Amino acid sequence: MPIAPKIFNPHRKNNTAKVSVKQTWGNGRGGRPWRRLRIAILERDNYLCQCDDCTRLGLIKVANEVDHIIPLFKGGTDDETNLRAINSECHKKKTAKESRTKTKKKEGVG
Ligand SMILES: [Zn+2]
């Protein structure tokens, strides 16, 4: 029972479909969902700063921003378990500290 041999074409290339990934997603914060989430976090934390210093020292500061407990660049997420209300001054301090550990010290600026 001979089967008609398939034509073998050695020049035929493997079909590797080109995958084009649109980079429109991941535009970061600023959208409406983030704004809603932000308010949800602030309300959850009673608009009180939940930063390390304030919780440790028992300080009561009004929070008007939302902080990533684990920074995004360290693999943190936008999940509400990774978010907390934070005072803008505390946020600035924390961000400064983080950027110091993230990038090399800039000398003589500021
Ligand atoms: Zn604080």
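Residues numbered from 1 in each chain as written. Predicted model: local features only at pLDDT ≥ 70, side-chain atom pairs only at ≥ 80, totals over all residues. Heavy atoms only, no water.

Chemist: So what about the coordination of the zinc ion? Which residues, and what values?
Modeler: All of the protein donors around the zinc ion are Cys49 (SG), Cys51 (SG), Cys54 (SG) and Cys90 (SG); their distances to the metal are 2.2 to 2.3 Å. Coordination at the zinc ion is tetrahedral: its four donor atoms span angles of 105 to 113 degrees at the metal. Spacing between the donor residues of the zinc ion along their common chain follows C-x1-C-x2-C-x35-C. With cysteine 49 in the loop between helix 1 (32–44) and helix 2 (52–57) and cysteine 90 in helix 3 (residues 88–102), this residue pair connects regions lying 41 residues apart in the sequence. Residue classification places cysteine 49 among the buried positions, given a relative accessible area of 4%. For cysteine 90, a relative accessible area of 7% translates into the label buried. (Donors = N, O, S within 2.8 Å, 3.2 Å for Na, K, Ca; no water. Tetrahedral: all angles 85-135°; square planar, octahedral: opposite > 155°, others 65-115°. Helix = DSSP H or I, 4+ residues; strand = E, 2+ residues; numbered from the N terminus. Buried < 20%, exposed > 50% of the residue type's maximum accessible area, 1.4 Å probe, protein only.)

Chemist: Which residues make up the side chain of glutamate 98, and what are the values?
Modeler: Along the polypeptide, glutamate 98 turns up in helix 3. Residue glutamate 98 is classed as buried on the basis of its relative accessible area, which comes to 15%. Within polar-contact distance, the side chain of glutamate 98 engages the side chain of lysine 94 at 2.6 Å. Discounting chain neighbours no more than four positions away, the residues touching glutamate 98 are Pro71 and Phe73. (Polar contact = N/O pair within 3.5 Å; in protein donor to acceptor, adjacent residues only side chain to side chain. Contact = heavy atoms within 4.5 Å.)

Chemist: So, the layout of surface pockets: which residues are in play, and what are the values?
Modeler: The computed volume of the largest pocket comes to approximately 230 Å³. Cys51, Asp52, Asp53, Ile69, Pro71, Lys74, Arg84, Cys90, Lys93, Lys94, Lys97 and Glu98 are the residues that line the largest pocket. Per element, the largest residue contribution to the lining of the largest pocket is five residues, and it comes from helix 3. In this model, the second largest pocket occupies a volume close to 170 Å³. Taken together, twelve residues make up the lining of the second largest pocket; nearest its centre are Asp67, His68, His91, Thr95 and Glu98. Sorting the residues of the lining of the second largest pocket by element identifies strand 1 (65–68) and helix 3 as the ones contributing at least two each. Across the lining of the second largest pocket, the residue classes break down as five nonpolar, three polar and four charged. (1 Å grid on protein atoms, 1.4 Å probe; cavity = no way out; pocket = protein on both sides within 12 Å on 5 of 7 lines; lining within 4 Å. Points joined across faces, edges and corners; volume = space filled by probe spheres on them. Nonpolar A, V, L, I, M, F, W, Y, C, P; charged D, E, K, R; others polar.)

Chemist: Outline the pairing of strand 2 (residues 83–86), listing residues and values.
Modeler: Where a strand is regular, its side chains alternate between the two sheet faces. Across the two faces of strand 2 the burial is the same, with Leu83 and Ala85 and Arg84 and Ile86 all buried. Pairing geometry for strand 1 and strand 2, over four bridges, is antiparallel. Each residue of the ladder has a partner; that of histidine 68, found in strand 2, is leucine 83. (Pairing = 2+ DSSP bridges.)

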